[in-house]
4 protein chains.
Amino acid sequence: MSNTFGRALKLSIFGQSHGPAIGMSLEGLPAGFRPNMEALQSFLDRRAPGRGEHSTARREADVPEFVSGLLDGVTCGAALCALIRNSDARSEDYVNLQELPRPSHADYPAWVKYGPFYDGRGGGKFSGRLTAPLCIAGGLCLQFLEERGIRIGARILRIGKAENPRFDPLSPDIPSVYRTPTEEMYEEIALAKNNEDSVGGIVECAATGLPTGLGEPMFDGMENRLAQLLFAIPGIKGVDFGSGFDCASMVGSRHNDQYYVNQDGKIQTRSNHAGGILGGLTTSMPLILRVAVKPTASIGREQETVSYRGQPTTLRIRGRHDPCIVPRVVPCVEACVAMGILDALLEARI
Amino acid sequence: MSNTFGRALKLSIFGQSHGPAIGMSLEGLPAGFRPNMEALQSFLDRRAPGRGEHSTARREADVPEFVSGLLDGVTCGAALCALIRNSDARSEDYVNLQELPRPSHADYPAWVKYGPFYDGRGGGKFSGRLTAPLCIAGGLCLQFLEERGIRIGARILRIGKAENPRFDPLSPDIPSVYRTPTEEMYEEIALAKNNEDSVGGIVECAATGLPTGLGEPMFDGMENRLAQLLFAIPGIKGVDFGSGFDCASMVGSRHNDQYYVNQDGKIQTRSNHAGGILGGLTTSMPLILRVAVKPTASIGREQETVSYRGQPTTLRIRGRHDPCIVPRVVPCVEACVAMGILDALLEARI
Amino acid sequence: MSNTFGRALKLSIFGQSHGPAIGMSLEGLPAGFRPNMEALQSFLDRRAPGRGEHSTARREADVPEFVSGLLDGVTCGAALCALIRNSDARSEDYVNLQELPRPSHADYPAWVKYGPFYDGRGGGKFSGRLTAPLCIAGGLCLQFLEERGIRIGARILRIGKAENPRFDPLSPDIPSVYRTPTEEMYEEIALAKNNEDSVGGIVECAATGLPTGLGEPMFDGMENRLAQLLFAIPGIKGVDFGSGFDCASMVGSRHNDQYYVNQDGKIQTRSNHAGGILGGLTTSMPLILRVAVKPTASIGREQETVSYRGQPTTLRIRGRHDPCIVPRVVPCVEACVAMGILDALLEARI
Amino acid sequence: MSNTFGRALKLSIFGQSHGPAIGMSLEGLPAGFRPNMEALQSFLDRRAPGRGEHSTARREADVPEFVSGLLDGVTCGAALCALIRNSDARSEDYVNLQELPRPSHADYPAWVKYGPFYDGRGGGKFSGRLTAPLCIAGGLCLQFLEERGIRIGARILRIGKAENPRFDPLSPDIPSVYRTPTEEMYEEIALAKNNEDSVGGIVECAATGLPTGLGEPMFDGMENRLAQLLFAIPGIKGVDFGSGFDCASMVGSRHNDQYYVNQDGKIQTRSNHAGGILGGLTTSMPLILRVAVKPTASIGREQETVSYRGQPTTLRIRGRHDPCIVPRVVPCVEACVAMGILDALLEARI
């Protein structure tokens, strides 16, 4: 497995859902940066379970303890390591699941890969809980970038049938007014919950203030790098940039972003179908991307499954599960985009 | 920049569109593998320019010369290096472009990144021509996997308004009958060409015969790894897996793939919305993914641009350009998927 | 900086000497391995300060807490993370040093590199204390390898003027009788201590039971990989393999290791000047290497130094320092060799 | 295997001794650098066979062809790829060796690793010939560094019994007067040759003009990184820095390098036992290292060996072999040191 990411940044994530702790080690943040720990906690709270009325009933304080990398609250050039203790795991909820792979969870391939030693409690190392350390790392990167004029914000585009407008690709609002679900979206979630079901959605993210030329094509361009990060968020099944999948039915004369000089004398494009990336490099126009979030795999309804010994059976998943993870994916996407941009920025030595 | 990919495989790609040669060096193919050079050439011919009636008029023999890695036609454990000479480059077509960034090409950010030394002739190192060495590497991997029962094939899902059906996610046809454009698609391309315009599309790819448990989550899972590779193909703006972006409006009870035991006693799923990947790991169901291909950026129509000195102007791109690169993207996607799977397979030591 | 090592193994080390904790995250140990925690503690105790009569007076329990990677004491395929709390740091010893770079410590270049934010207390992240997490990772690898018949042991070859015989390169004794200092060596250490001085030495290490062909030349051969690891131990200034620097005055007819078939029908060499490595690959003969350990940089004697503002002055280092770290380097070398071998073994898929 | 090196630089080397060509691909040299091709050729000529009177009789033009990465002779930001054709390989010399592993060559472990498909002709990919592309890459780095005031030069310290003085570690002469063998050394080589034997030696290298703080400890410090590179040169069995193995018998009060301010107001050390590296970081004092070179494994004398089928026999190696490779190792060491320094320099963003 590889819980390690980065070229100039180096991130390692560790932990299982029901182990003693989860956490991360991050190298590469320059010395002399003072993280705002309150702002970081607010950011983590956006991801944490048990916040919304329809969210999972599991509550974790999710307060990270930094055990290295800081001196008097300022980065000192050493690797930053932060831990979150797992205080509220109820493994008994999962006892009967140990033998039965849950549909659309990682259980079955993980059991084949790691054998009977695999810790599948609460999804083990595949749990969405591992996005907490991802958000610690990404939250630090967000703050670091913001001090340098780079702003990153995500919004909810869709939950089930409920839709919001897309970002204005020339001038996205950050933070977005659609950072949290609309009433209509809450209704979609409530409906799913009442049906012992779940629902998917789409999250869009924008970044502004980027210099031109970030990214290292062919394989470490901005799209490659961000997609590699975003698919680390459990439940993400698609990533597209700029016009994305819509470009398929467009003609070039409409899709191409033509150049002009704006009133400040800066070279800009009239449209931004490229989503701020050409040839894997940032163009300095806003970077725009979307991710598709599948419906939560854990649902209360009876489902067909098979024991590892090949016996057909059914199961009902109890536990405490979100009927919709889309709102919690929003900060995770911001975290990943921040890490990808900072990694490229440090590598580019701008 | 980074023209290097891989964990167990190690691929380096080199070359510019109008330099003396392009090529690749590939490490990691086990010793004892005899590539079928005729089959490789046929594969490369599918990508090569100048094949279809509406394709670019540039013709390159694109016959790779292997300068290392083989002994009597069999891999010997040394790095494989293959070159293709650039014989038919007409740099004069580009002379007037050196000063003017073409809309939706990498010209502008590349010029900012590399400065006046950047070789922008024919798109330089950002040219689609660099997919030729990508296809050499991927074509070798395809053959290697095929000997081990893993089959990979792509099809055209959409060109402009013309659509084909998707793969049957439980039993995809490989090679697909939709590997080449339909009549209706050729008409879309002809229309674009006649309008001095271009058109985009979608390519879908399937892989069968995979073992369960390939991939190294969080950051090197199959989706992360394949997306990292696929975004190396110029013009790709989106990648999704299984139900992809459609999952956003689905409920869990419909999206989840329930387990059963098939008549051969093998654990299978009744549907395959996961596209053969759960938690970043292969499930042994067919792997299914799609890529969005933007309309060719080079079009004959007059476009607005700005000189690097900030002078607004217009340009018309002459050269010899494909009005639609979708058919040529098909083998490139197969190549990337083959490399990603083989990389994971070698890493997993199955 | 890079506290990250490995190809198939992935190790991250974090912590500063006087921060809240030090630790490591290790990926790549296969699932199903049960570490012997008592044996690991004994191994760590060999490295820990405050054990020998002449050793540093700083005492740390150095009992690692594993916060991830285990289920019921067995590896489960998730990253292993272990922490050691820093309980006995006396930063006040270092207060007057913050402004003065200690000769032959990393203080000066670290201060230039990281600026005034650098945490230099106790040597910060350059402290020998960081070899504790190195030994956790290496100690686990040692156990894993031992179960597969690969044994690794180091000995002290020299401390100051006191010398021990080298390993028999055809049949090294593991564990060696010279794993701890001889009487004569203790006298060298005591002499240094009485003089408020310190003394260097040489450690030799051997590994047996290796398969043939481990290592990935040119740059990831066994020598490259082991040297990269060994130079992570503070104070190491040289690494050589087999005949090492002695080969310089030898002729080929004496140096070459000629092949024969032993009584078990196995291909062996009559001598082992290669130290078990040819062309970067293991030969299956015992792997033999040596490292040079410089005298401890911290000495009580007055030394000339310069404040960061460029003011000449002198300093005396009080603190609690080992007059000779050679005995504590012995397990660190074993740890590094174990990690390098396991990394190559997992990569080679033998 | 891994013929790939680098963090900010990315080097891939390919080729076998008797294949069509050998070469390298190098990424990371900034755009806008104009290599001096004549100076590069002179540098390669120092490594090339067939120059000295006692050197191997094999003669290769060794003129690299650059097929990518340059525009009008200036780096353009694309990967540099250069090839050397193998024009003068006499594989017939090796026919009888295919079945018999040569003592102290990589033949035996390579045959076990790669099986019967291994290309062992002329040592295959383990041949010293692969140092030609290493010297192309390193030669370019040397020139790049020299333009920035960093000078690198190696000298011969020992061949057999003949010794030269070491560099003055405070002020090394670059290029050194001992860059080529002395009369006494030529006599050692001639003696070996007349005896159908070979002889080893030691090469020392110095680098000046380095900034303070280069290197990324623990695992990518300057010693780790340079050692990883240097052990890629065939026949190197040891690497040490500064006082190296001599530090073992020294006391700290003698070994420590005390700080003072020189007449230019610069912080310097009175001695340089550290060899310009503390804690893995450059100190700005001259970087000093040494490598041990084993006697050429190919000798004319009869040697004992065993066929791969286990049959004891003897062999005599004819071919055209250097009785001493030390003079040719000199530029190879300079090449490796240049690559390691430039890699660290680009990574450090100084």
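Figured I'd write up the structure that's included with this text. (Residues numbered from 1 in each chain as written. Chains lettered and ligands numbered in written order. Predicted model: local features only at pLDDT ≥ 70, side-chain atom pairs only at ≥ 80, totals over all residues. Heavy atoms only, no water.)

### Comments concerning the overall build of chain A
Next, step 1: Looking only at helices and strands, chain A features seven helices and 18 strands.
Next, step 2: Over its C-alpha trace chain A gives a radius of gyration of 21 Å, about what one expects of a compact globule, namely 20 Å for 350 residues.
Next, step 3: Dimensions along the principal axes, computed over C-alpha positions, put chain A at roughly 65 × 50 × 35 Å.
Next, step 4: In chain A, buried positions account for 69% of the 350 residues.
Next, step 5: Considering only residue pairs separated by 6 or more positions, chain A has 70% of its internal contacts joining residues 24 or more positions apart.
Next, step 6: Carbon together with sulfur atoms contributes 47% to the accessible area of chain A, which is approximately 11,000 Å² in total.
Next, step 7: For chain A, the separation between the mean place of its 37 positive charges and that of its 39 negative charges on side chains is 3 Å. (Helix = DSSP H or I, 4+ residues; strand = E, 2+ residues; numbered from the N terminus. Rg over C-alpha atoms; globule rule 2.2 N^0.38 Å. Buried < 20%, exposed > 50% of the residue type's maximum accessible area, 1.4 Å probe, protein only. Contact = heavy atoms within 4.5 Å. Areas by Shrake-Rupley, 256 points an atom, 1.4 Å probe, with all protein chains shown as cover. Lys, Arg positive; Asp, Glu negative; His and termini not counted. Charge placed at Lys NZ, Arg CZ, Asp CG, Glu CD.)

### Describing the relation of the copies chain B and chain A
Next, step 1: Its rotation angle being 180°, the transformation that places chain B on chain A also includes 0.0 Å of axial translation and leaves an RMSD of 0.0 Å. Here the copies are linked by what is in effect a two-fold axis.
Next, step 2: Looking at chain B, 100% of its interface residues are interface residues in chain A too, so the copies touch through the same face. (Least-squares fit on C-alpha atoms with pLDDT ≥ 70 in both.)

### Let's talk about the interface of chain B and chain D
Next, step 1: Counting from both sides, the interface comprises 39 residues of chain B and, opposite them, 39 residues of chain D.
Next, step 2: At the boundary of chain B with chain D, total buried surface from both sides reaches about 3,000 Å², with 57% on carbon and sulfur atoms.
Next, step 3: At the boundary of chain B with chain D, the tally comes to two salt bridges.
Next, step 4: A salt bridge links Arg85(D) to Glu65(B), with the shortest nitrogen-to-oxygen separation between them at 2.7 Å.
Next, step 5: Broken down by element, the residue count for the side of chain B that touches chain D peaks at five residues, all from strand β2 (residues 10-15) of chain B.
Next, step 6: Residues of the side of chain B that touches chain D, tallied by class, amount to 19 nonpolar, 13 polar and seven charged. (Buried area = accessible area lost by both parts, 1.4 Å probe. Salt bridge = Lys/Arg side-chain N within 4 Å of Asp/Glu carboxyl O. Nonpolar A, V, L, I, M, F, W, Y, C, P; charged D, E, K, R; others polar.)

### What about the relation of the copies chain B and chain D?
Each of the two chain copies can be generated from the other by rotation about an axis followed by a shift along it.
Next, step 1: Note on the identical chains: chain B maps onto chain D by a rotation of 180° and an axial translation of 0.0 Å, with an RMSD of 0.0 Å.
Next, step 2: Counting the interface residues of chain B, we find that 100% of their copies in chain D are interface residues as well, pointing to one common contact surface.

### Regarding the environment of Ser12(C)
Next, step 1: As for its placement among the helices and strands, Ser12(C) is situated in strand β2 (residues 10-14).
Next, step 2: Look at Ser12(C) and you get buried, because its relative accessible area is 4%.
Next, step 3: Linking Ser12(C) and Ser127(C), residues 115 residues apart in sequence, is a C-alpha distance of 16 Å.
Next, step 4: Leaving out residues up to four positions away in the same chain, Ser12(C) has contacts with Ser12(A), Asn3(C), Thr4(C), Gly23(C), Met24(C) and Ser25(C).
Next, step 5: Only 2.7 Å separates the side chain of Ser12(C) from the side chain of Ser12(A), close enough to count as a polar contact. (Polar contact = N/O pair within 3.5 Å; in protein donor to acceptor, adjacent residues only side chain to side chain.)

### Side note on the sheet that holds strand β2 (residues 10-15) of chain D
Next, step 1: The five strands are arranged β1-β2-β3-β7-β4 (chain D) in an open sheet whose pairing can be described as antiparallel. Looking at which strands have only one partner, the edges of the open sheet turn out to be β1 (4-5) and β4 (65-68) of chain D. (Pairing = 2+ DSSP bridges.)

### A short note on the packing of helix α1 (residues 37-47) of chain D against helix α7 (residues 326-348) of chain D
When two helices pack together, their arrangement is given by the angle between the helix axes and the distance between those axes.
Residues and elements named next belong to chain D.
Next, step 1: With their axes 7 Å apart at the nearest point, α1 and α7 run at an angle of 135° to one another. As far as their axial angle goes, α7 and α1 are oblique. Within the contact between the two elements, α1 uses Phe43, Arg46 and Arg47 and α7 uses Pro327, Arg328, Val330, Pro331, Cys332, Glu334 and Ala335. (Axes fitted to C-alpha atoms, helices over the stretch in contact; angles between N-to-C directions. Parallel < 35°, antiparallel > 145°, perpendicular 65-115°, else oblique.)

### Structural notes on the sheet that holds strand β3 (residues 21-27) of chain B
All names here are of chain B.
Next, step 1: On the basis of which strands lie adjacent, the open sheet formed by five strands has the order β1-β2-β3-β7-β4 and antiparallel pairing. Only two strands of the sheet have a single partner each, and these edge strands are β1 (4-5) and β4 (65-68).
Next, step 2: One ladder, built from two bridges, connects β1 with β2; its direction is antiparallel. In the strand pairing of β2, phenylalanine 5 is matched with leucine 11.

### With respect to the pairing of β2(D)
Residues and elements named next belong to chain D.
Next, step 1: Judged by how many residues are buried, β2 sits mostly within the fold: six of six residues are covered.
Next, step 2: Residue alternation in β2 divides its side chains into two sets, Lys10, Ser12 and Phe14 and Leu11, Ile13 and Gly15, and both sets are buried.
Next, step 3: Here β1 hands over to β2 after four residues, with glycine 6 in that stretch at a positive phi of 125°.
Next, step 4: Connecting the antiparallel pair β2 and strand β3 (residues 21-27) is a turn made up of five residues.

### Quick look at the packing of aromatic side chains
Next, step 1: Under the defined criterion, the tally for this structure stands at 30 aromatic pairs over all chains.
Next, step 2: Between the aromatic rings of Trp111(A) and Tyr308(A), the centroid separation amounts to 4.0 Å while the plane-to-plane angle is 5°, which identifies the pairing as stacked. Here Trp111(A), found in helix α2 (residues 107-114), pairs with Tyr308(A), found in the loop between β17 (303-306) and β18 (312-315); they are 197 residues apart in sequence, far enough to count as distant.
Next, step 3: With relative accessibility at 28%, the residue Trp111(A) sits in the partly exposed group.
Next, step 4: What makes Tyr308(A) buried here is its relative accessible area of 14%.
Next, step 5: For the pair Phe241(A) and Phe231(B), a centre-to-centre distance of 5.3 Å together with 90° between the ring planes defines the contact as edge-to-face. Taken together, the residues Phe241(A) in strand β11 (residues 236-241) and Phe231(B) in the loop between α5 (222-230) and β11 (236-241) connect one chain to another. The same class applies to Phe241(A) as to Phe231(B), namely buried.
Next, step 6: Here a set of aromatic residues connected by ring pairs shows up, and it is made of Tyr114(A), Tyr118(A) and Phe126(A).
Next, step 7: The ring centre of Phe144(A) lies 3.6 Å from the NZ or CZ of Arg148(A), which sits over that ring. (Phe/Tyr/Trp six-rings, centres within 6.5 Å; stacked < 30°, edge-to-face > 60°. Lys NZ or Arg CZ within 6 Å of the ring centre and 35° of its normal.)

### Quick word on the pairing of strand β10 (residues 201-208) of chain B
Residue and element names in this part refer to chain B.
Next, step 1: Counting buried residues along β10, seven of its eight residues qualify, which places the element largely inside the surrounding structure.
Next, step 2: Sheet topology places strand β8 (residues 151-159) next to β10; eight bridges connect them, and they run antiparallel. Residue isoleucine 156 lies in a different strand from β10, and its bridge partner there is valine 203.
Next, step 3: Summarising the sheet, β10 and strand β16 (residues 287-293) pair through seven bridges and their orientation is antiparallel. Note that in β16 the partner of cysteine 205 across the bridge is leucine 289.

### Quick notes on the interface of chain B and chain A
Next, step 1: Contact with chain B, which involves 95 residues of that partner, is made by 96 residues of chain A.
Next, step 2: Of the roughly 7,700 Å² buried between chain B and chain A on both sides combined, carbon and sulfur atoms contribute 62%.
Next, step 3: The largest share of the area that chain B buries against chain A comes from Phe219(B), Lys237(B) and Tyr259(B), three residues that together contribute 12% of it.
Next, step 4: Linking chain B with chain A are six salt bridges.

### Regarding the pattern of salt bridges
Next, step 1: Following the criterion strictly, the structure yields 96 salt bridges over all chains and no others.
Next, step 2: A salt bridge links Arg155(A) to Asp173(A), with the shortest nitrogen-to-oxygen separation between them at 2.8 Å. A residue pair is termed long-range when its members are at least 10 positions apart, and Arg155(A) in strand β8 (residues 151-159) and Asp173(A) in the loop between β9 (162-163) and α4 (183-194) qualify at 18 residues.
Next, step 3: Residue Arg158(C) is joined to Glu163(C) by a salt bridge in which the shortest nitrogen-to-oxygen separation is 3.5 Å.
Next, step 4: Judged by relative accessible area, Glu163(C) falls into the exposed class, the value being 53%.

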